[in-house]
Amino acid sequence: MKPYPIDSDGFYGEFGGAYIPEILYGCVEQLRNNYLSIIESDDFRQEFDSLLRDYVGRPSPLYLARRLSERYGCRIYLKREDLNHTGAHKINNTIGQILLARRLGKKRIIAETGAGQHGVATATVCALMNMECVVYMGKTDVERQHINVQKMQMLGATVRPVTSGNMTLKDATNEAIRDWCCHPADTHYIIGSTVGPHPYPDMVARLQSVIGEEIKKQLAEKEGRENPDYLIACVGGGSNAAGTIYPYLDDDRIKIVLAEAGGKGVNSGMSAATIQLGKTGIIHGSRTLVMQNEDGQIEEPYSISAGLDYPGIGPIHAHLASTGRARILAVDDDEALQAAFELTRLEGIIPALESAHALGALPKIGFRPGEVAVLTVSGRGDKDMNTYIDYYHQK
Ligand SMILES: *Cc1c(COP(=O)(O)O)cnc(C)c1O
């Protein structure tokens, strides 16, 4: 696997880097100096691979969705991250990072969470490894994602509700960074996506790249070639997309389509389409595209899907968009909901609302007959049943 080109300061073109308070310099530097040698070591690979296999249930299937393919006139394969333990791709990253934290001698784990998926995946690996776990979560999210809060507590984590800002993911991330500043020596911060200061975006992309590596092998078996014509994924912070495309990035024959959350419409004032609406700025330690007003104040994003409701985007994705390597499509709430019902009725798979945004991109692409597309279903829809039921009754 060729690494995606970043310079030694963690920049992808003009995006990336590490904009951090002085107090965190030591621990970010420790990570930066050690992450590659640790995650490339045999000892790490063995433990990581065996947990991915026996604990997560990897490889996740690559499934040829026949009825969905018929509808769009091409061959659509679904990469089934929804079948992983804890129901999404997030567990790949949390397992990798907790193994890294142990090798760095850390005793305590903190994390931020929006919908609670990353919080549950972090609490899960902390139970597995017997480590103290504190999860920061906006109070609004604590109220609307109660089951995930209860799961984290059952797993032994402490959930700290955050009451600043509009009490969602951005605010929880600020609070986690504040905690890290108070405990830099003994604490590892498990960031849940390809965001944050260098080396997080690169580290998370590498840990998630197991998705794309498996696609290569599985597609070679099923289609006789490891390259699809299209790779399609949704982007919140960008980790399932980065994992899907990572091994394919330097081959321009493979078209990359990334779906971001249009909310109620890109120009409605209620959107989370960061790549289309954002301007270059700094958020959570990284220079990237950020939704901000003219004074540089971060704007509150909106999406029906809590996992995509973030005003920033991974620096990798900002770079892929600015260089034209990836095509970015905004998928609105309604389009995502329709796509979720379409997949459910055609294939018997209820996707997460985030993944439904990737599916909502299908009608916009314009496939030619015989083309092969791989779409990553990042998670399952259990957590979104209330939203789906409300939509179903409205229709
Ligand atoms: C968190 C989440 C996402 C968004 O995060 P990325 O880092 O962009 O992948 C997408 N899908 C599911 C199911 C999630 O839980």
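Residues numbered from 1 in each chain as written. Predicted model: local features only at pLDDT ≥ 70, side-chain atom pairs only at ≥ 80, totals over all residues. Heavy atoms only, no water.

Trainee: Lay out the overall build of the protein in plain terms, naming residues and giving numbers.
Mentor: Assigned secondary structure in the protein consists of 17 helices and 14 strands. The C-alpha atoms of the protein give 19 Å as radius of gyration, which agrees with the globular expectation for 395 residues (21 Å, within 12%). For the protein, the C-alpha atoms occupy an extent of roughly 55 × 45 × 40 Å along the three principal directions. Residues classed as buried in the protein amount to 61% of the 395 residues present. (Helix = DSSP H or I, 4+ residues; strand = E, 2+ residues; numbered from the N terminus. Rg over C-alpha atoms; globule rule 2.2 N^0.38 Å. Buried < 20%, exposed > 50% of the residue type's maximum accessible area, 1.4 Å probe, protein only.)

Trainee: Before we move on, could you go through the packing of helix 14 (residues 333–347) against helix 17 (residues 385–394) and cite the residues and values that matter?
Mentor: Running from N to C, helix 14 and helix 17 point in directions that differ by 95°, and their axes come no closer than 11 Å. Our classification of the angle between helix 14 and helix 17 gives roughly perpendicular. Contacts from Asp334, Leu337, Gln338, Ala340, Phe341 and Arg345 of helix 14 reach helix 17 at Thr387, Tyr388, Tyr391 and Tyr392. The class makeup of the residues in the contact of helix 14 with helix 17 is six nonpolar, two polar and two charged. (Axes fitted to C-alpha atoms, helices over the stretch in contact; angles between N-to-C directions. Parallel < 35°, antiparallel > 145°, perpendicular 65-115°, else oblique. Contact = heavy atoms within 4.5 Å. Nonpolar A, V, L, I, M, F, W, Y, C, P; charged D, E, K, R; others polar.)

Trainee: If you had to explain a nonpolar patch on the surface to someone new, which residues and values would you point to?
Mentor: A grouping of Ile350, Met385 and Ile389 is seen on the molecular surface, where their side chains present a nonpolar patch of about 220 Å² in accessible area. Classification of isoleucine 389 as partly exposed rests on a relative accessible area of 40%. (Patch = residues over 30% accessible without salt bridge, like charges linked within 9 Å, V, L, I, M, F, W, Y side chains within 5 Å. Areas by Shrake-Rupley, 256 points an atom, 1.4 Å probe, with all protein chains shown as cover. Salt bridge = Lys/Arg side-chain N within 4 Å of Asp/Glu carboxyl O.)

Trainee: Explain the site of the ligand to me, using residue names and the numbers behind them.
Mentor: With respect to spatial proximity, 17 residues lie near the ligand, and among them Lys90, Ser193, Gly236, Ser239 and Ser378 are the closest. Here an oxygen atom of the ligand sits 2.9 Å away from a polar atom, N or O, in the side chain of histidine 89. Between an oxygen atom of the ligand and a side-chain N or O atom of serine 239, the distance comes to 2.7 Å. Coverage of the ligand by the protein amounts to 97% of the 380 Å² it exposes when considered alone. Taken atom by atom, the bulk of the ligand overlaps the largest cavity. Looking at the shell around the ligand residue by residue, the class counts come to four nonpolar, eleven polar and two charged. (Near = heavy atom within 4 Å. Polar contact = N/O pair within 3.5 Å; in protein donor to acceptor, adjacent residues only side chain to side chain. 1 Å grid on protein atoms, 1.4 Å probe; cavity = no way out; pocket = protein on both sides within 12 Å on 5 of 7 lines; lining within 4 Å. Sits in = over half its atoms within 2 Å of the grid points.)

Trainee: Explain the sheet that holds strand 5 (residues 108–113) to me, using residue names and the numbers behind them.
Mentor: Across the sheet, which stays open at both edges, the four strands sit in the order 7-6-5-8 with parallel pairing between neighbours. Two strands close off the open sheet at either side, each with one partner strand: strand 7 (158–162) and strand 8 (187–189). Sheet twist, expressed as the mean angle between neighbouring strand axes with direction ignored, is 25°. Sheet topology places strand 5 next to strand 8; three bridges connect them, and they run parallel. (Pairing = 2+ DSSP bridges.)

Trainee: So what about the side chain of histidine 357? Which residues, and what values?
Mentor: Here histidine 357 is to be found in helix 15 (residues 353–360). Judged by relative accessible area, which is 0%, histidine 357 ranks as buried. What histidine 357 contacts, discounting residues up to four positions off in sequence, is Cys234, Ala259, Glu260, Ala261, Ser303, Ile304, Ser305, Leu308, Val331, Asp332 and Ala336.

Trainee: Give a detailed account of the pattern of salt bridges, specifying residues and quantitative values.
Mentor: The full count for this structure, using the stated rule, is 32 salt bridges. Here lysine 216 makes a salt bridge to glutamate 226, at a shortest N to O gap of 3.7 Å. Placement of the pair is lysine 216 in helix 10 (residues 210–223) and glutamate 226 in the loop between helix 10 and strand 9 (230–234), with a sequence separation of ten residues. Judged by its relative accessible area of 37%, glutamate 226 falls in the partly exposed class. Among the ionic pairs, aspartate 252 bridges to arginine 325, the shortest N-O distance being 3.4 Å. Of the two residues, aspartate 252 is situated in the loop between helix 11 (239–245) and strand 10 (255–263) and arginine 325 in the loop between helix 13 (315–322) and strand 13 (326–332); the sequence distance between them amounts to 73 residues.

Trainee: I'd like to hear about the pairing of strand 13, residue by residue, with values.
Mentor: Within a regular strand, side chains alternate between the sheet's two faces. Burial of strand 13 is extensive: five of the seven residues sit out of reach of the surface. Pairing of strand 10 with strand 13, which is carried by seven bridges, proceeds in the parallel orientation. Across the sheet, the residue bridging to alanine 261 is valine 331, located in strand 13.

Trainee: Can you tell me about helix 9 (residues 200–208), naming the residues and giving the values?
Mentor: In terms of burial, helix 9 is largely enclosed, as nine of its nine residues are buried. Among the residues making up helix 9, those that are buried are Tyr200, Pro201, Asp202, Met203, Val204, Ala205, Arg206, Leu207 and Gln208.

Trainee: Requested: an account of the packing of aromatic side chains, with residues and values cited.
Mentor: By convention here, two paired aromatic rings are described through the distance between centres and the angle between planes. Going through the model one piece at a time under the given rule, you end up with nine aromatic pairs. Ring centres of phenylalanine 11 and tyrosine 19 lie 6.5 Å apart, and the angle between their planes is 90°; this geometry places the pair in the edge-to-face category. Of the residues examined, tyrosine 19 reaches a relative accessible area of 36% and is grouped as partly exposed. Members of the aromatic cluster, connected to one another through ring pairs, are Phe341, Tyr388, Tyr391 and Tyr392. Stacked on the ring of tyrosine 248, the Lys or Arg lysine 216 has its end atom at 5.3 Å from the ring centre. (Phe/Tyr/Trp six-rings, centres within 6.5 Å; stacked < 30°, edge-to-face > 60°. Lys NZ or Arg CZ within 6 Å of the ring centre and 35° of its normal.)

Trainee: Give me the lowdown on empty space enclosed by the protein, citing residues and values where you can.
Mentor: Applying the stated rule across the entire model yields three cavities of 30 Å³ or more. If you trace the largest cavity, you find 38 residues lining it, with Lys90, Leu169, Gly192, Ser193 and Gly307 closest to the centre. Listing elements by their share of the lining of the largest cavity, those giving two or more residues are strand 5, helix 5 (117–129), helix 8 (169–182) and helix 11. If you tally residues by element for the lining of the largest cavity, the top one is helix 8, at three residues. In terms of residue class, the lining of the largest cavity is made up of 13 nonpolar, 20 polar and five charged. (Points joined across faces, edges and corners; volume = space filled by probe spheres on them.)

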